[in-house]
Amino acid sequence: MNKNNIKPLKTGIPFWAKRAGFFSIVALCLTPFLSAPLALLAGIGFAWFVGHPYPQHNHKITQLLLQFSVIGLGFGMDMQTAINAGKSGFLFTIFSIVGTLILGYLMGKALKIDLKISYLITAGTAICGGSAIAAIAPVIKAGHKQISIALATVFILNSVALLLFPFLGHLLHLSQQQFGLWCAIAIHDTSSVVGAAAKFGNEALAVATTVKLARALWIIPVAFFSLLIFRSKGVKIKLPYFIGGFIIAILLNTYSPFFRSISSYIVYTAKCGLMLTIFLIGCGLSKEVLFSTGLKPVLQGIFLWVFVSLVTLVAILNYI
């Protein structure tokens, strides 16, 4: 499925009504009244029963909004907090990424899944969901259908995680640090990590955001590894430049009195942007996307996700 050729859903609802409903929910996302799970469910419901009025622009806008929102969240953290969070998640990150890549390869072979689809799902699970898939897809020269199936699989599981993880965190009586670390490692996409952690608490949000963005830097070595595996030539690797913006935001908040004085407003705006991002992710989960995945890729995605979640949880409960 080529995202450049996505057509609006035909529901019989006039375009002006779709547009009015869409922007009404967008406005609601910019208020404190909509939580991350509700924003996600609102997006999915809108996609299924009304239809996104601008589906061809959804992916690009979602990506940009997420990047700016993450940078904004950096103004709510100080450098020492970021360093401590990065240290606590470093070893977990290394072992989980390497283990997921190996397990994903073996599962793809066992289920006889298309190699590139399997590799994209595995990379998305191991690193940072859609961002990793978007960065690695051109490196391995994946086709539009292969990319769409991998993205759909990861986004479906992201949506489940956003709803499920805060409930499980409270059920298991996880501390803020434990939950933030678990989110960062076990949930695929940065948006869902931040959404779930924000629902759990501010300390969990700080830990989750820092560890997840440090994890996202692994896109670079994995992309170079992918070049060798698939023997691709003449392709460019997309670097996650917005992570640099996040680090600059932390530095400004730590050492600049001016930015500290306005940081609460910036963070509030970033959280509103995140709610809007999650709503747009839901809008992208149309019936067409959900039914295009096929059973085997979803099974691989579920198995990898459950494996990473359980192993990470046991390790965190015993060592953090």
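First things first, this report covers the structure right here in the doc. (Residues numbered from 1 in each chain as written. Predicted model: local features only at pLDDT ≥ 70, side-chain atom pairs only at ≥ 80, totals over all residues. Heavy atoms only, no water.)

Here we take up the overall build of the protein. Helix and strand counts for the protein come out as 15 helices and 0 strands. The C-alpha radius of gyration of the protein comes to 19 Å, within 12% of the 20 Å expected for a compact globule of 320 residues. Oriented by its inertia axes, the alpha-carbon framework of the protein measures out at about 50 × 50 × 45 Å. Looking at the protein as a whole, 52% of its 320 residues are labelled buried. Once local pairs closer than 6 in sequence are excluded, the contacts in the protein between residues at least 24 apart make up 83%. In the structure as shown, the protein presents an accessible area of about 15,000 Å², 71% of it carried by carbon and sulfur atoms. Between the averaged position of the 23 positive side-chain charges in the protein and that of its 5 negative side-chain charges there is a distance of 11 Å. (Helix = DSSP H or I, 4+ residues; strand = E, 2+ residues; numbered from the N terminus. Rg over C-alpha atoms; globule rule 2.2 N^0.38 Å. Buried < 20%, exposed > 50% of the residue type's maximum accessible area, 1.4 Å probe, protein only. Contact = heavy atoms within 4.5 Å. Areas by Shrake-Rupley, 256 points an atom, 1.4 Å probe, with all protein chains shown as cover. Lys, Arg positive; Asp, Glu negative; His and termini not counted. Charge placed at Lys NZ, Arg CZ, Asp CG, Glu CD.)

The residue Gln 80 is located in helix 4 (residues 79–111) in this model. Taking the relative accessible area as the measure of exposure, Gln 80 reaches 46% and is therefore partly exposed. Between the C-alpha atom of Gln 80 and that of Thr 31, which follows or precedes it by 49 residues, the distance is 31 Å.

A full pass over the atoms with the stated rule returns 14 aromatic pairs. Pairing Phe 46 with Phe 279 gives two aromatic rings, centres 6.5 Å apart and planes at 70 degrees, and the pair type is edge-to-face. Taken together, the positions of Phe 46 in helix 2 (residues 36–49) and Phe 279 in helix 13 (residues 257–283) put the pair 233 residues apart, joining distant regions of the chain. Using a relative accessible area of 7% as the deciding quantity, one classes Phe 46 as buried. (Phe/Tyr/Trp six-rings, centres within 6.5 Å; stacked < 30°, edge-to-face > 60°.)

Residues Leu 120, Phe 165, Phe 179, Trp 182, Cys 183, Ile 278 and Phe 279 are the most contacted members of the largest nonpolar core, which totals 90 residues. Leave out the neighbours within four places in its chain, and Ile 278 touches Ala 36, Ala 39, Leu 40, Leu 162, Ser 191 and Gly 195. (Core = buried A, V, L, I, M, F, W, Y, C linked by side-chain atoms within 4.5 Å.)

Running from N to C, helix 10 (residues 202–216) and helix 12 (residues 242–255) cross one another at 145 degrees; their axes reach a closest spacing of 10 Å. Viewed along their axes, helix 10 and helix 12 form a crossing whose handedness is left-handed. Seen from helix 10, the contacting residues are Thr 209, Thr 210, Leu 213 and Ala 216; seen from helix 12, they are Phe 242, Ile 243 and Phe 246. Residue classes in the contact of helix 10 with helix 12 are distributed as 5 nonpolar, 2 polar and no charged. (Axes fitted to C-alpha atoms, helices over the stretch in contact; angles between N-to-C directions. Left-handed = near helix turned anticlockwise from the far one by under 90°. Nonpolar A, V, L, I, M, F, W, Y, C, P; charged D, E, K, R; others polar.)

On to a nonpolar patch on the surface, then. A contiguous nonpolar surface patch, about 490 Å² in accessible area, is contributed by Val 98, Ile 102, Tyr 105, Leu 106 and Leu 115. With 4 residues, the top contributor of residues to the nonpolar patch is helix 4. (Patch = residues over 30% accessible without salt bridge, like charges linked within 9 Å, V, L, I, M, F, W, Y side chains within 5 Å. Salt bridge = Lys/Arg side-chain N within 4 Å of Asp/Glu carboxyl O.)

All chains considered together, the criterion is met by 0 disulfides. Between Cys 128, a free cysteine, and Cys 183, which holds the nearest cysteine sulfur, the sulfur-to-sulfur gap is 15 Å. Residue Cys 128 is classed as buried on the basis of its relative accessible area, which comes to 1%. The thiol of Cys 272 is unpaired, and the distance to the nearest cysteine sulfur, on Cys 29, comes to 9.0 Å. Note on Cys 272: relative accessible area 8%, which makes it buried. (Disulfide = S-S within 2.5 Å.)

Attention now moves to unusual backbone geometry. In this structure, Lys 112 is a non-glycine residue whose phi angle is positive, near 55 degrees. Structurally, Lys 112 is set in the loop between helix 4 and helix 5 (115–126). Taking relative accessible area as the criterion, Lys 112 reaches 72% and is therefore assigned exposed. With a phi angle near 55 degrees, His 173 is a residue other than glycine that sits in the positive phi range. Mapped onto the secondary structure, His 173 falls in the loop between helix 7 (144–171) and helix 8 (176–186).

Glancing now at helix 15 (residues 295–319). Taking 1.5 Å of rise per residue, the 25 residues of helix 15 would be expected to cover 36 Å, and the 36 Å separating its terminal C-alpha atoms lies within 8% of that figure. For helix 15, the full list of buried residues reads Pro 297, Gln 300, Gly 301, Leu 304, Trp 305, Val 308, Ser 309, Thr 312, Leu 313, Ala 315 and Ile 316. (Expected span 1.5 Å × (residues − 1).)

Another point: helix 10. Taking 1.5 Å of rise per residue, the 15 residues of helix 10 would be expected to cover 21 Å, and the 21 Å separating its terminal C-alpha atoms lies within 8% of that figure. Taken across its 15 residues, helix 10 has 12 buried, putting it largely inside the fold. Restricting attention to buried positions, one finds in helix 10 the residues Ala 204, Leu 205, Ala 206, Val 207, Ala 208, Thr 209, Thr 210, Val 211, Lys 212, Leu 213, Arg 215 and Ala 216.

Turning our attention to the environment of Leu 217. Considering the arrangement of structural elements, one finds Leu 217 in the loop between helix 10 and helix 11 (219–230). Along the chain, Leu 217 and Leu 304 lie 87 residues apart, while their C-alpha atoms are 21 Å from each other.

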